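Reading the structure
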Amino acid sequence: MMRKELQVAALENGTAIDHIPSDAVFKVVTLLQLQKLNNRITIGNNLKSSKMGSKGIIKVSDKFFREDEINRIALVAPNVNLNIIRNFEVVEKKKVVLPDEIIEIVRCNNPKCITNNEPMKTRFHVIDKELVELQCHYCELKIRKEEIELI
Ligand SMILES: [Zn+2]
């Protein structure tokens, strides 16, 4: 059997986020606030993928994310694979699930919305998990996936 070519360095312990659409890799970095971590992070992008054509992978050493942190990714990359790695072995695989509510992280696109005029957190109800459609809790504006602007 041929050895599978490694496209990104192996991880001893930590989290590997695989099958990220290439155009969402840096949004995932923002959503997980990886720029604030001191952990070793490997980002691979525009890698060959038989399933997707092109994909991105992010590997974070010695980091195991909380469920609510990880679910934020579903906003920009609903089909990512999450691999929890211990001792170079995948011990758990997870799928991201869009939560019922998105607090903070997304800006309301209505300039008159209270969240754009007062120092307060934005809050959205997820009204369609399949298509990723959100509705502002305060002004009721609906925002589609392609209109989502991260804070
Ligand atoms: Zn609003």
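Our subject is the structure listed above.
Quick summary incoming for the structure in this document. This structure is a prediction, so every number in the text was calculated from the model and none was measured.

1. Considerations on the sheet that holds strand E9 (residues 142–143)
- Taken in spatial order, the 4 strands of this open sheet run E6-E7-E8-E9, and their pairing is antiparallel. Each having just a single partner strand, strand E6 (101–103) and E9 make up the two edges of the open sheet.
- Bridge count for strand E7 (residues 123–128) against strand E8 (residues 133–136) is 4 bridges, and the pairing is antiparallel. Bridging from a neighbouring strand, phenylalanine 124 pairs with cysteine 136 of E8.

2. Points about the coordination of the zinc ion
- The protein atoms that coordinate the zinc ion are Cys108 (SG), Cys113 (SG), Cys136 (SG) and Cys139 (SG), at distances of 2.3 to 2.4 Å.
- Coordination at the zinc ion is tetrahedral: its 4 donor atoms span angles of 102 to 117 degrees at the metal.
- Read N to C, the donor residues that coordinate the zinc ion are spaced as C-x4-C-x22-C-x2-C.
- The exposure class of cysteine 108 is buried, given its relative accessible area of 3%.
- We classify cysteine 113 as buried; its relative accessible area is 1%.

3. Notes on the pattern of salt bridges
- Under the counting rule described, the total for this entry stands at 8 salt bridges.
- Lysine 94 serves as the salt-bridge partner of glutamate 67, at 3.4 Å between the closest nitrogen and oxygen. A residue pair is termed long-range when its members are at least 10 positions apart, and glutamate 67 in helix H2 (residues 67–71) and lysine 94 in strand E5 (residues 89–95) qualify at 27 residues.
- A relative accessible area of 24% places lysine 94 in the partly exposed class.
- Across the pair glutamate 147 and arginine 144 runs a salt bridge whose closest N-O atoms are separated by 3.1 Å.
- On the basis of relative accessibility, which here comes to 44%, the residue arginine 144 falls in the partly exposed class.
- Through salt bridges with shared partners, one network takes in Arg144, Glu146 and Glu147.

4. Focus: the sheet that holds strand E3 (residues 53–61)
- Strand order in the open sheet made by the 5 strands is E2-E3-E1-E4-E5, with antiparallel pairing throughout. Whereas interior strands pair on both sides, the edge strands pair on one side only; in this sheet they are strand E2 (41–49) and E5. Shown here is a sheet whose adjacent strand axes are inclined to one another by a mean of 20 degrees, direction ignored.
- Sheet topology places strand E4 (residues 81–86) next to E5; 6 bridges connect them, and they run antiparallel. Note that in E5 the partner of isoleucine 84 across the bridge is glutamate 92.

5. With respect to the nonpolar core
- Residues Ile20, Ile58, Ile73, Leu75 and Ile102 are the most contacted members of the largest nonpolar core, which totals 35 residues.
- When contributions to this core are tallied by element, the ones reaching two or more residues are strand E1 (14–21), helix H1 (25–31), E3, E4, E7 and E8.
- Residue contributions to this core peak at 4 residues, all from H1.
- Those residues in contact with isoleucine 102, other than ones at most four positions away along the chain, are Leu75, Thr122, Arg123, Phe124, Val126 and Leu134.

6. Considering the packing of aromatic side chains
- What the rule picks out here adds up to 0 aromatic pairs.
- Above the face of the phenylalanine 64 ring, arginine 86 is positioned so that its terminal group lies 4.2 Å from the ring centre.

Parameters and conventions
Residues numbered from 1 in each chain as written. Predicted model: local features only at pLDDT ≥ 70, side-chain atom pairs only at ≥ 80, totals over all residues. Heavy atoms only, no water. Pairing = 2+ DSSP bridges. Helix = DSSP H or I, 4+ residues; strand = E, 2+ residues; numbered from the N terminus. Donors = N, O, S within 2.8 Å, 3.2 Å for Na, K, Ca; no water. Tetrahedral: all angles 85-135°; square planar, octahedral: opposite > 155°, others 65-115°. Buried < 20%, exposed > 50% of the residue type's maximum accessible area, 1.4 Å probe, protein only. Salt bridge = Lys/Arg side-chain N within 4 Å of Asp/Glu carboxyl O. Axes fitted to C-alpha atoms, helices over the stretch in contact; angles between N-to-C directions. Core = buried A, V, L, I, M, F, W, Y, C linked by side-chain atoms within 4.5 Å. Contact = heavy atoms within 4.5 Å. Phe/Tyr/Trp six-rings, centres within 6.5 Å; stacked < 30°, edge-to-face > 60°. Lys NZ or Arg CZ within 6 Å of the ring centre and 35° of its normal.

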